[in-house]
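An overview of the molecular structure
This is what each chain is made of:
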Amino acid sequence: MSSTPGPLDHTIALVGLSGVGKSSVGRRLAAALGMPFRDADAEVEAAAGRPIAEIFANYGEAAFRDGERRVIARLLAEPPHVLATGGGAFIHPQTRALLLEKSVSVWLKADIEVLARRVSRKDVRPLLAGPDPLAALAAQARDRYPIYALADLEVETGDTPHLVAVDAILKALAQRAEAKA
């Protein structure tokens, strides 16, 4: 666990599997806190000048993760904001170290079945491409959950409106601040 101060002093980084709502919840959380919102995937695409799926296809996951780490390092050097990270960002050791040092990391967690339903609506996630997103997500959960558990906070999002998740994050941040006071 990192020893960062309260949320308004540091970036709040949302981590978790694809489809958990990092971007959607992040936008609403940023509005509730009066902070800017940044989406690491969008920033990576802007920096590379191409979609993430194309980066994966042409250069591979290792090249993507390296670019993702550089973009996240740049974003963490900016004034505090809410940052939605890609599903694999926190898994990369160097990126995770940056996030734990320079942000308050929040693991958003939901049932795999809910996530599979959400990601099946979009065809832009290269690591979930294929006929069975549920099996792919279950494998990712098995591999990634022990690492996501290193985040500063864990919030169950469930199959509820995004504002319910925002309220849960705000409560978790408040409890964390009280515990540090």
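Residues numbered from 1 in each chain as written. Predicted model: local features only at pLDDT ≥ 70, side-chain atom pairs only at ≥ 80, totals over all residues. Heavy atoms only, no water.

On the basis of which strands lie adjacent, the open sheet formed by five strands has the order 2-3-1-4-5 and parallel pairing. Every other strand in the sheet has two partners, leaving strand 2 (37-39) and strand 5 (153-156) as the edge strands with one partner each. The sheet shows a mean angle of 25° between the axes of neighbouring strands, direction not considered. In this structure, strand 1 (residues 11-15) lies alongside strand 4 (residues 103-109), joined through five bridges in parallel fashion. The residue bridging Ala-13 from the neighbouring strand is Ser-105, located in strand 4. Against the sheet, helix 1 (residues 22-33) engages strand 1, strand 2, strand 3 (82-84) and strand 4, with an angle of about 160° to strand 1. (Pairing = 2+ DSSP bridges. Helix = DSSP H or I, 4+ residues; strand = E, 2+ residues; numbered from the N terminus. Axes fitted to C-alpha atoms, helices over the stretch in contact; angles between N-to-C directions. Contact = heavy atoms within 4.5 Å.)

On to the packing of aromatic side chains, then. Across all of its chains, the model carries four aromatic pairs by this definition. Centroid distance Trp-107 to Tyr-145: 5.0 Å. Interplanar angle 65°. Geometry classified as edge-to-face. Of this pair, Trp-107 sits in strand 4 while Tyr-145 sits in helix 7 (residues 133-148); the two residues are 38 residues apart in sequence, bridging distant segments of the chain. With respect to burial, Trp-107 and Tyr-145 carry one shared label: buried. Seen in terms of ring centroids, Trp-107 and Tyr-148 are 5.7 Å apart; in terms of plane orientation they differ by 40°. Their pairing is tilted. Highlighted residues: Trp-107 in strand 4 and Tyr-148 in helix 7, separated in sequence by 41 residues. (Phe/Tyr/Trp six-rings, centres within 6.5 Å; stacked < 30°, edge-to-face > 60°. Buried < 20%, exposed > 50% of the residue type's maximum accessible area, 1.4 Å probe, protein only.)

Looking now at the pairing of strand 5. With burial as the criterion, only one face of strand 5 is covered, namely that bearing Leu-153 and Val-155; the residues Glu-154 and Glu-156 on the opposite face remain uncovered. With four bridges joining them, strand 4 and strand 5 adopt parallel strand pairing. Within the sheet, the bridge partner assigned to Val-106 lies in strand 5 and is Leu-153.

For the rest of this paragraph, the subject is the nonpolar core. In terms of nonpolar packing, the biggest core is built from 47 residues, with Ile-12, Leu-14, Leu-17, Val-106, Leu-108 and Ile-169 touching the most fellow members. Those residues within four positions of Val-106 in sequence are excluded, and the remaining contacts are Ile-12, Ala-13, Leu-14, Val-15, Leu-153, Val-155 and Ile-169. (Core = buried A, V, L, I, M, F, W, Y, C linked by side-chain atoms within 4.5 Å.)

Moving on: the pattern of salt bridges. Pairing between side chains of opposite charge can happen when the charged atoms of each approach one another. In this structure the tally under the stated criterion is 11 salt bridges. The partner of Glu-61 in a salt bridge is Arg-65, and the shortest N-O contact between them spans 3.2 Å. Here the residue Glu-61 and the residue Arg-65 both occupy positions in helix 4 (residues 61-76), the gap between them amounting to four residues, near one helical turn. Look at Arg-65 and you get buried, because its relative accessible area is 9%. Across the pair Glu-154 and Lys-109 runs a salt bridge, and its minimum N-O distance is 3.6 Å. A residue pair is termed long-range when its members are at least 10 positions apart, and Glu-154 in strand 5 and Lys-109 in strand 4 qualify at 45 residues. (Salt bridge = Lys/Arg side-chain N within 4 Å of Asp/Glu carboxyl O.)

Bringing the confidence of the model for the protein into the picture now. Taken residue by residue, the protein gives an average pLDDT of 87. The fraction at 70 or more is 88%. The model gives residues 1-6 a pLDDT under 50, and that stretch makes 19 contacts with residues more than four places away or in other chains. (pLDDT = per-residue confidence, 0-100.)

The subject of this paragraph is the packing of helix 1 against helix 8 (residues 162-180). Remark: helix 1 packs on helix 8, axes separated minimally by 9 Å, with the N-to-C direction vectors making an angle of 55°. What the angle tells us is that helix 1 and helix 8 run oblique. Regarding helix 1 and helix 8, the two cross each other, and that crossing is right-handed. Side by side, helix 1 and helix 8 meet where Ser-24, Val-25, Arg-28, Leu-29, Ala-32 and Leu-33 of the first sit next to His-162, Leu-163, Ala-165, Val-166, Ile-169, Leu-170 and Leu-173 of the second. (Parallel < 35°, antiparallel > 145°, perpendicular 65-115°, else oblique. Left-handed = near helix turned anticlockwise from the far one by under 90°.)

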